[in-house]
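# Structural characterization, general
Single-letter residue listing:
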Amino acid sequence: MTLPDLPIDVGRIERDLTELARLTEPDRPYTRQAFTKLDREARELVAGWMREAGLDVHIDAAGNTIGRRSGRTDGPVMALGSHTDTVQAGGRFDGIAGVVAAVEVARALEQAGVVTEHPLEIINFNCEEPSVTGMTPVGSRAMSGHLDLSKLETAHDPEGRTLAEAIDFLGGNHTRLTELIRKPGDVHGYLELHIEQGLVLERAGCPVGVVTHIAGPIRGTITVTGRADHAGATLMDERQDALCGAAEVILALERAAKDPSLKDTVATIGTAHISPGMVNIIPGRVDLQMEVRSIRQEEKERVRGLFEAACEAIARERGLRIDVQWLVDEPPVTVPQEMQALVQEAAKELGIQTVSLPSRAMHDASWMAMIAPVAMVFVPSKDGLSHTPDEWTDFADVAAGARVLGRALLKLDAKE
Ligand SMILES: [Zn+2]
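Residues numbered from 1 in each chain as written. Predicted model: local features only at pLDDT ≥ 70, side-chain atom pairs only at ≥ 80, totals over all residues. Heavy atoms only, no water.

## Here we look at the coordination of the zinc ion
Note the cut-off: Here a donor is any nitrogen, oxygen or sulfur atom (N, O, S) within 2.8 Å of the metal, with 3.2 Å used for Na, K and Ca; water is not among the atoms considered, so some sites may look incomplete. Counting from the N terminus, the helices are DSSP H or I runs at least four residues long and the strands are E runs at least two residues long. The classification of residues rests on relative accessible area computed with a 1.4 Å probe and restricted to protein chains. Under 20% of the type maximum is buried, over 50% is exposed, and intermediate values are partly exposed.
Looking at the zinc ion, one finds its protein donor set to be His83 (NE2), Asp94 (OD) and His194 (NE2), positioned 2.0 to 2.2 Å from the metal centre. Each donor residue of the zinc ion lies on the same chain, and together they follow the pattern H-x10-D-x99-H. You can see histidine 83 sitting in strand S3 (residues 77-83) and its partner aspartate 94 sitting in the loop between S3 and helix H3 (96-111), a full 11 residues away along the chain. You'll find histidine 83 and aspartate 94 in the same group, each marked buried.

## Some remarks on the pattern of salt bridges
Test applied: What makes a salt bridge here is a side-chain nitrogen of Lys or Arg within 4 Å of a carboxyl oxygen of Asp or Glu, nothing more.
As enumerated under the stated definition, the model contains 31 salt bridges in all. For the salt bridge of arginine 161 with aspartate 157, the shortest nitrogen-to-oxygen distance reads 2.7 Å. Grouping residues by exposure puts arginine 161 and aspartate 157 together as buried. Salt-bridge contacts for lysine 382 lead to aspartate 383; the nearest nitrogen and oxygen are separated by 3.4 Å. Since its relative accessible area comes to 43%, lysine 382 is described here as partly exposed. A single network of salt bridges, built from pairs that share partners, joins Asp9, Arg12, Arg15, Asp16, Glu104 and Arg107.

## Considering the environment of asparagine 124
Stated formally: Should any heavy atoms of two residues lie within 4.5 Å, those residues are counted as being in contact.
Topologically, asparagine 124 is positioned in strand S4 (residues 120-125). Among the residues examined, asparagine 124 registers a relative accessible area of 0% and is labelled buried. Sequence spacing of asparagine 124 and glycine 67 is 57 residues, and the spatial spacing of their C-alpha atoms is 8.6 Å. Among all residues touching asparagine 124, those that are not within four sequence positions of it are Arg43, Val46, Met50, Asn64, Thr65, Ser82, His83, Thr84 and Val99.

## Some points on the packing of aromatic side chains
Let me state the cut-off plainly: When the centres of two rings from Phe, Tyr and Trp lie within 6.5 Å, Trp using its six-membered ring, the rings pair. Their planes under 30 degrees apart give stacked, over 60 give edge-to-face, and anything left gives tilted. The rule is short: NZ of Lys or CZ of Arg within 6 Å of the ring centre and within 35 degrees of the ring normal puts a charge over the ring.
Under the definition given, this model contains four aromatic pairs. Here the aromatic rings of phenylalanine 125 and tyrosine 190 are separated by 5.9 Å at their centres, their planes lie at 70 degrees, and the arrangement is edge-to-face. One end of the pair, phenylalanine 125, is in strand S4; the other, tyrosine 190, is in strand S5 (residues 187-195), with 65 residues separating them in the sequence. Side by side, phenylalanine 125 and tyrosine 190 carry an identical accessibility label, which is buried. Considering the side-chain rings of tryptophan 392 and phenylalanine 395, the 5.3 Å spacing of their centres and the 70 degrees angle between planes classify their relative orientation as edge-to-face. Overall, phenylalanine 395 belongs to the buried group, its relative accessible area being 16%. Each member of the aromatic cluster is reached from another via a ring pair, and the members are Phe93, Trp392 and Phe395. Across the ring face of phenylalanine 169, the terminal group of arginine 40 is positioned such that the distance to the ring centre comes to 4.0 Å.

## With respect to the nonpolar core
Which entries qualify depends on this criterion: For the purposes of this section, nonpolar cores are sets of buried Ala, Val, Leu, Ile, Met, Phe, Trp, Tyr and Cys residues that join through side-chain atoms within 4.5 Å.
Core analysis: the largest hydrophobic core is formed by 101 residues, its most contacted members being Phe35, Leu80, Ile122, Leu163, Leu191 and Val404. Other than its neighbours up to four places away in sequence, isoleucine 122 contacts Met50, Leu55, Thr65, Ile66, Gly67, Leu80, Ala102, Val103 and Ala106. Ranked by size, the runner-up nonpolar core spans 22 residues in total, among them Leu253, Ala256, Leu320 and Ile322.

## A closer look at helix H7 (residues 242-257)
Put simply, the test is: The length a helix should cover is 1.5 Å for every residue beyond the first. In this description, the arc belongs to the directions extending from the helix axis to the C-beta atoms. Polar contact is defined as a pair of N or O atoms within 3.5 Å, subject to the rule that within protein one atom must be able to donate a hydrogen and the other to accept it, and that residues adjacent in sequence are counted only when both atoms are side-chain atoms.
Across its 16 residues, H7 extends 23 Å between first and last C-alpha, which sits within 8% of the 22 Å expected from 1.5 Å per residue. Residues Ala242, Gly245, Ala246, Val249, Ala252, Leu253, Ala256 and Ala257 constitute the buried set of H7. Viewed end-on, H7 has its buried residues packed into an arc of 125 degrees, placing them on one side of the element. Lining the buried residues of H7 we find strand S7 (216-225), strand S9 (265-275), strand S11 (285-294), helix H8 (297-318) and strand S12 (321-329). A side-chain oxygen of the first residue of H7 lies 2.8 Å from the backbone nitrogen of leucine 243; this N-cap is aspartate 241.

## Observations concerning the sheet that holds S9
Operational definition: Two strands make a pair as long as DSSP finds a minimum of two bridges between them. A fitted line through C-alpha atoms represents every axis, and for helices the fit uses only the stretch in contact; the resulting angles, taken between N-to-C directions, go from 0 to 180 degrees.
Ordered in space as S9-S11-S7-S12, the four strands form an open sheet in which the pairing is antiparallel. Because the sheet does not close on itself, it has two edges, and the strands there are S9 and S12. The average undirected angle you get between the axes of adjacent strands in this sheet is 20 degrees. As paired elements, S7 and S12 share eight bridges and run antiparallel to each other. Within S12, the position partnered with isoleucine 218 by the bridge is aspartate 329. Lying on the sheet, H8 is in contact with S7, S9, S11 and S12; it crosses S12 at an angle near 165 degrees.

All quantities given are derived from atomic positions and should not be read as evidence of function.
The following block contains the structure:
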């Protein structure tokens, strides 16, 4: 099979990434949280690039921006995408590199005069980062039919609007969210380029990674309840100190995730709230938020079991109440062999070296995997850093990834 060489242009990639980086809260680079004015501005900028690339642009009911290119047939679509929203004080590449690369592929197809069999959609997904508690990623979840519509009026965006209002602010329509759901068969395949956010590619000196699995998190809350009391008058053996219990709980989760029976699991307690929270009061209550991530569902279950048993023991020993509540459990994804092969072969034909590796972070591809075959192309992260202003990927590496992405897309087009 002879495939056309796509004229991917590193200069355009650099220009687009630089322009998007300018759209940040000025005193807190790089912050462009979902549903903010800056987010909307960035989405409009990308929509403009899509139009210039000859795409037919619309915003779907969930606020995803979609640029469509016709194919020879009107059957299932191929999709490329990622996200342009950021965490607070995040980076210039997480998600953004994937959208910029996807738009560049569309431009290169146009420039080379390539007409694909399948129609193509370039998707800038809405709200991938956890800006709306328990509901993200909003856009890809909605597209796969997994957005909990009962929470549209109770979940809130960073500006304090309801999720329903926030979706409409971006040009979506919260009353029509069921209409955008894609069913298996609607999408011929979904490809996403993303920065690795780890050290594997940099250490291997390799510009492109082929993703084998995508880890899925379980997230939950822990409430440790003891008794608030005077910090001077209450003797040590008379206390029910919730914070001391919480300290043991935190270490118990760390221990559970380090259990020798596990290969690929990480666990984190990322927030802690102490009440009443004064220096002369024994803490009466501590609220913690945790997550456990793995590419293996059975390992997540194992951590969960070990941790819950440890919490029961700590509660007994210290006379505390410990409530563990699991809120979301997102299943890990195994990238289909034949989809990994598309990326591998594309890179090989371009003379670009690859490494196969799991993704330890979750992506829009995790949700698209529920309705379509997916593959992911990773590009290196300098020093493995991400979700920080120091996040960096060389433009040449993004371009190499985009070349692989484009060629893998053409292979997907030719695939039965
Ligand atoms: Zn991302």
